[in-house]
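Chain residues, written in single-letter form:
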Amino acid sequence: MTEQKPERQNQRPERASEQSPGRPRASAGGWGALTAVARSLLHSGNPAKSALSLRGVNQPHGFDCPGCAWGDPEHASSFEFCENGVKAVAWEATSKTVGPTFFAEHSVEWLKRQDHHYLESQGRIAQPMRYERTLDRYVPVSWEDAFALIGRTLRELESPDEALFYTSGRTSNEAAFLYQLFVRAFGTNNFPDCSNMCHEASGVALTEQIGVGKGTVLLEDFDKADAIFVWGQNPGTNHPRMLTSLREAALRGAKIVVFNPVRERGLERFAHPKSMKDMLPGGGVDIASHYLQVRVGGDMAAAKGLLKILLEKYQGRLDTRFIEEHTEGLEQLKADAEATDWSEIEAQSGLTREQLEVPAEIYANADRTIFTWAMGLTQHRHSVVTIQTLIDVLLLKGNIGKPGAGACPVRGHSNVQGDRTMGITEHPSALFLDRLEATFPIKAPRRPGYGTITAIQAMLEGKAKVFIGLGGNFAAATPDTKMTEEALAQTKLTVHISTKLNRSHLIVGEQALILPCLGRTEIDIQNGVPQMVTVEDSMSMVHGSGGINKPVSPHLLSEPAIIAGMAKATLPEVKIDWDGYVADYSRIRDAIARVVPGFEGYNQKVAKPGGFHLRNSAREREWKTETAKARFMANPLPPAEFATGIAAQPAEGPRVFTLMTFRSHDQYNTTIYGYDDRYRGIYGYRRVLFMNREDMAAEGLAVGDIIDIRTAINDGVERVAEGFRIVGYDIPRGQVASYYPETNVLVPLWSYGERSMTPTSKSIPVVLAKRDAAT
């Protein structure tokens, strides 16, 4: 068998690798977005099908966008999708398939040498496949035999805790609930989840401080806010529909204050494709009224500066009644603020006191303020205390529990929040387990399970021997890539429930399965009846989703059907009607209603247009904390080596920079749609390092130079990302930036947030080594 296709190395050869890299002048959105939409549809493999699929995106009788978790206006408006949503739909709605012929022609070893874009762009996986080690290829397997292999391997384990059950944020509520039921009936709480790698710090911080681990705002609050502070977030790429809310706020005069190390075009100026005025030459709306380029990891120091100014200068503007009735800990907060020196705040934040006076005045004068943030805040050692410092600022003016104000952590995938609500967590509450046992004939395990980091460690140590992934791309999404792949390769069995081929499928254990599932755009018919699933967005709105496309292959099963198949093969003695739940998903929702608080009358609630809002106790100023009050948290600034935006410099040797990882515009999480990053002026290439031009001159580097990046940590492990092209960019000195997953190899497995265990992907100390021209 021959393998003649060229290897891909993150480059599209038909276009130049760079075209005027740097910050473009055009507005985000606009004609560039429409052109990108058209290109995505044309390149989808079935343009007509992809275009027609857009009729159902975020519609009452359609499907929830498989992209981000940003909320929808009543989930009922027309054409409520964005450029990256179109890419996600076209990527899934393709008619290209990956079946037995493809796998017969390509060995796993050859496929490992291809890049992420090449793997997923081959099309939808068409039928179940099993890895045959003697051929180094995947071969067809029946669903019956696949389930039998899974059941047999799980039953042969010495303990249920030797199995890991990963979940992606695109899993529906129904599938997530059935999955956790199967796994807890099996006997473990081992639920490493994508939440562990993104917003875990938000959940820990908010739960401790206001009693609920979710945001407190609704989409309508953005229409009422006087000020919106955007922290560590790039909505133009990661959740573009948010730009519509920010645009409307800017047009009515709301102040939008941005704290971000990199100047992102979507936060500067946006042209809405629906606005004729915006689409005129030079059109668009300025988004940020104030843009502060904080150091990487310096957001806590910036927030602490706001606290000091508010407490010293704006005592009369604070909400004293709210503070007295609803909070505790103000005196400790004041003492901590007074003890924090301005020199330390300025050094860590990279901002002067004078610069911070401006947003402090805006906040003091605003009656209603929203703080919104994403992974720029959550992927540091000190993320939990950073978020709590933001909440301290909100509490000073009673900006939790009133219209137009609140905390808004913006999640990634479209149901990552819902998965947690359904019980996908390694630390389930006693209440949840009690209600699960009262509803089903099982004895739920009570000991905590493995999260993502501890799951990788368990595989490396031989304590975990089976890995089952319900969606996602675990090998690419996790830190310390080589170590993670080594861990997966040591298992007895890897199982991936997927729609597209990805890197994780190629890191096989002794045995490996790929199980293809229906996508969210596809019609799911069970027992002759089309089924609906449900999802929860970042605003805790729960609504239905039903596909409109014919499945790309007759061999696909739905996620609930696959979970039920595994459960029946593994637990034949457990008296749960798995077949009944698959035949009618409303039965799953009835079970959810009995177990999960807030879902009483689930089927009736979700049948209403727009779905329903899950009650948020903090939004109603009910504080489910240890003290039954919202808590000011007096957290001192972290040591300078934690806030690695000011990385420690060695006495001799190369200079240490702080690397932050982020997405390109042609990317969603580990899915790479293409090689362009239009808003940053990058075309046809992904292995780029964004660098301050003064730093480039000091290091003797020029645009286009090729460098290797090494982690500057002496732990006996060499971590290197090779062959990156230098790009001059508007980023603070001492910091550099690059795309993941290519740079995940640089993040040590043991480097994670305190109390959250979220990888420190936004603050990696690195050194750069220029390659010779001959290299």
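Residues numbered from 1 in each chain as written. Predicted model: local features only at pLDDT ≥ 70, side-chain atom pairs only at ≥ 80, totals over all residues. Heavy atoms only, no water.

**Things to note about the overall build of the protein chain**
Right, on to step 1. Looking only at helices and strands, the protein chain has 29 helices and 31 strands in total.
Right, on to step 2. Counting all 775 residues of the protein chain, 66% fall into the buried class.
Right, on to step 3. Within the protein chain, contacts between residues at least 6 apart in sequence are counted, and of these 79% link residues at least 24 apart.
Right, on to step 4. Per element, the accessible surface of the protein chain, about 27300 Å² overall, is 51% carbon and sulfur. (Helix = DSSP H or I, 4+ residues; strand = E, 2+ residues; numbered from the N terminus. Buried < 20%, exposed > 50% of the residue type's maximum accessible area, 1.4 Å probe, protein only. Contact = heavy atoms within 4.5 Å. Areas by Shrake-Rupley, 256 points an atom, 1.4 Å probe, with all protein chains shown as cover.)

**Re the sheet that holds strand E20 (residues 533–536)**
Right, on to step 1. With antiparallel pairing, the 3 strands of this open sheet are ordered in space as E20-E21-E22. Both edges of this open sheet fall to E20 and strand E22 (612–613), since each of them pairs with a single strand only.
Right, on to step 2. In this sheet, strand E21 (residues 541–545) lies alongside E20 in antiparallel orientation, the contact comprising 4 bridges. Following the sheet pairing, Val533 is matched in E21 by Ser545.
Right, on to step 3. In the packing of helix H8 (residues 173–186) onto the sheet, contacts are made with E20 and E21, and the angle to E20 comes to roughly 90°. (Pairing = 2+ DSSP bridges. Axes fitted to C-alpha atoms, helices over the stretch in contact; angles between N-to-C directions.)

**Thoughts on helix H16 (residues 342–349)**
Right, on to step 1. Listed as buried for H16 are Trp342, Ile345, Gln348 and Ser349. For H16, the angular spread of the buried residues around the axis is 135°, confining them to a single face.
Right, on to step 2. Elements that come into contact with the buried residues of H16 comprise helix H13 (299–313) and helix H17 (353–365).
Right, on to step 3. Gly350 sits one or two residues past H16 and shows a positive phi near 75°. (Arc of directions from axis to C-beta.)

**Brief notes about the packing of H13 against H17**
Right, on to step 1. At a minimum axis distance of 9 Å, the contact between H13 and H17 shows a crossing angle of 65°. As judged from the angle between their axes, H13 and H17 are roughly perpendicular. Crossing handedness for the pair H13 and H17: right-handed. Only Arg353, Leu356, Glu357, Pro359, Ala360, Tyr363 and Ala364 of H17 make contact with H13, whose side of the interface consists of Ala302, Gly305, Leu306, Ile309, Leu310, Glu312 and Lys313. (Parallel < 35°, antiparallel > 145°, perpendicular 65-115°, else oblique. Left-handed = near helix turned anticlockwise from the far one by under 90°.)

**Overview of the packing of aromatic side chains**
Right, on to step 1. The tally for this structure, following the rule as stated, stands at 28 aromatic pairs.
Right, on to step 2. Taking 5.5 Å as the distance between ring centres and 85° as the angle between the ring planes, the aromatic pair formed by Phe102 and Phe103 counts as edge-to-face.
Right, on to step 3. The exposure class of Phe103 is buried, given its relative accessible area of 0%.
Right, on to step 4. Measuring from ring centre to ring centre gives 6.2 Å for Phe322 and Trp623, while their planes differ by 80°; the resulting arrangement is edge-to-face. In this pair, Phe322 sits in helix H14 (residues 320–326) while Trp623 sits in the loop between E22 and strand E23 (630–631), placing the two residues 301 residues apart along the sequence. Side by side, Phe322 and Trp623 carry an identical accessibility label, which is buried.
Right, on to step 5. Aromatic ring contacts, followed pair by pair, group Phe165, Tyr179, Phe182, Phe186 and Phe191 into a single cluster.
Right, on to step 6. It is Arg663 that lies over the ring of Tyr668; its NZ or CZ is 4.5 Å from the centre.
Right, on to step 7. Directly above the aromatic system of Phe662 lies the positively charged group of Arg680, at a separation of 3.8 Å from the ring centroid. (Phe/Tyr/Trp six-rings, centres within 6.5 Å; stacked < 30°, edge-to-face > 60°. Lys NZ or Arg CZ within 6 Å of the ring centre and 35° of its normal.)

**Examining the environment of Asn603**
Right, on to step 1. Looking at the secondary structure, you find Asn603 in helix H28 (residues 602–606).
Right, on to step 2. Judged by relative accessible area, Asn603 falls into the buried class, the value being 17%.
Right, on to step 3. Along the sequence, Asn603 and Arg587 sit 16 residues apart, while their C-alpha atoms lie 9.0 Å from each other.
Right, on to step 4. For Asn603, the residues in contact, after removing those within four places along its chain, are Ser586, Arg589 and Asp590.

**A closer look at the nonpolar core**
Right, on to step 1. With 64 residues, the main nonpolar core has Leu154, Phe165, Phe177, Phe182 and Phe440 as its most contacted residues.
Right, on to step 2. Of all the elements, H8 adds the most residues to this core, at 10 residues.
Right, on to step 3. Filtering out sequence-adjacent residues up to four positions away, Phe177 remains in contact with Met422, Leu436, Phe440, Ile588, Ala591, Ile592, Val595 and Val596.
Right, on to step 4. With 56 residues, the next largest nonpolar core counts Ala205, Leu310, Val393 and Leu396 among its residues. (Core = buried A, V, L, I, M, F, W, Y, C linked by side-chain atoms within 4.5 Å.)

**Points about the pairing of strand E24 (residues 657–662)**
Right, on to step 1. Burial within E24 is extensive, with 6 of its 6 residues counted as buried.
Right, on to step 2. Here E24 shows no split at all, with Phe657, Leu659 and Thr661 on one side and Thr658, Met660 and Phe662 on the other all buried.
Right, on to step 3. Relative to strand E31 (residues 764–770), E24 runs antiparallel, the two being bridged by 3 bridges. Across the sheet, the residue bridging to Leu659 is Ile764, located in E31.
Right, on to step 4. Across 5 bridges, E24 lies against strand E30 (residues 735–739) in parallel orientation. By the bridge assignment for E30, Leu659 is matched with Val736.

**A closer look at the side chain of Thr661**
Right, on to step 1. Relative to the helices and strands, Thr661 resides in strand E24.
Right, on to step 2. Non-local contacts of Thr661, meaning those with residues more than four positions away in its chain, are made with Ser738, Tyr740, Thr743, Ser761, Lys762 and Ile764.

**So, the packing of H13 against helix H19 (residues 383–396)**
The geometry of a pair of packed helices is captured by two quantities: the angle between their axes and the separation between those axes.
Right, on to step 1. With their axes 9 Å apart at the nearest point, H13 and H19 run at an angle of 25° to one another. Judged by the inter-axis angle, H13 sits roughly parallel to H19. Here the hand of the crossing between H13 and H19 comes out left-handed. Contacts from Asp299, Met300, Ala303, Lys304, Leu307, Leu310 and Leu311 in H13 reach Val385, Thr386, Thr389, Leu390, Asp392, Val393 and Leu396 in H19.

**What to know about the sheet that holds strand E6 (residues 163–167)**
Within a sheet, each strand pairs with its neighbour through backbone hydrogen bonds, oriented either parallel or antiparallel.
Right, on to step 1. One open sheet holds the 6 strands; their spatial order is E5-E4-E17-E16-E15-E6, and the pairing between them is mixed. Of all the strands in the sheet, just strand E5 (137–140) and E6 have a single pairing partner and so form its edges. The sheet shows a mean angle of 20° between the axes of neighbouring strands, direction not considered.
Right, on to step 2. The pairing of strand E4 (residues 129–132) with E5 spans 4 bridges and is classified as antiparallel. Bridge pairing links Met129 to Pro140 in E5.
Right, on to step 3. Across the face of the sheet, helix H25 (residues 559–570) comes into contact with strand E15 (466–470), strand E16 (493–498) and strand E17 (511–516) while running at roughly 155° to E15.

**Comments concerning the pattern of salt bridges**
Right, on to step 1. Overall, the coordinates contain 44 salt bridges when judged by the stated rule.
Right, on to step 2. The shortest N-O distance in the salt bridge between Arg420 and Asp193 comes to 3.8 Å. One end of the pair, Arg420, is in helix H20 (residues 416–421); the other, Asp193, is in the loop between H8 and helix H9 (200–210), with 227 residues separating them in the sequence.
Right, on to step 3. Overall, the relative accessible area of 0% leaves Asp193 in the buried class.
Right, on to step 4. Between Lys304 and Asp336 there is a salt bridge, with the nearest N and O atoms lying 2.3 Å from each other. Residue Lys304 is located in helix H13, and its partner Asp336 is located in helix H15 (residues 330–339); the two are separated by 32 residues in the primary sequence.
Right, on to step 5. For Lys304, a relative accessible area of 1% corresponds to the buried category.
Right, on to step 6. Several salt bridges converge on common partners, so that one network encompasses Lys308, Glu312, Lys313, Arg353 and Glu357. (Salt bridge = Lys/Arg side-chain N within 4 Å of Asp/Glu carboxyl O.)

**Some remarks on the pairing of E15**
Right, on to step 1. With 5 of its 5 residues buried, E15 lies for the most part within the structure.
Right, on to step 2. Every second residue of E15 is oriented toward a common face, with Val466, Ile468 and Leu470 on one face and Phe467 and Gly469 on the other, all of them buried.
Right, on to step 3. Bridge analysis of E6 against E15 gives 5 bridges, and the strand direction is parallel. Paired with Thr167 across the two strands is Leu470, which belongs to E15.
Right, on to step 4. Here E15 runs beside E16; their pairing, made up of 5 bridges, is parallel. Opposite Phe467, over in E16, you have Thr494 as the bridge partner.

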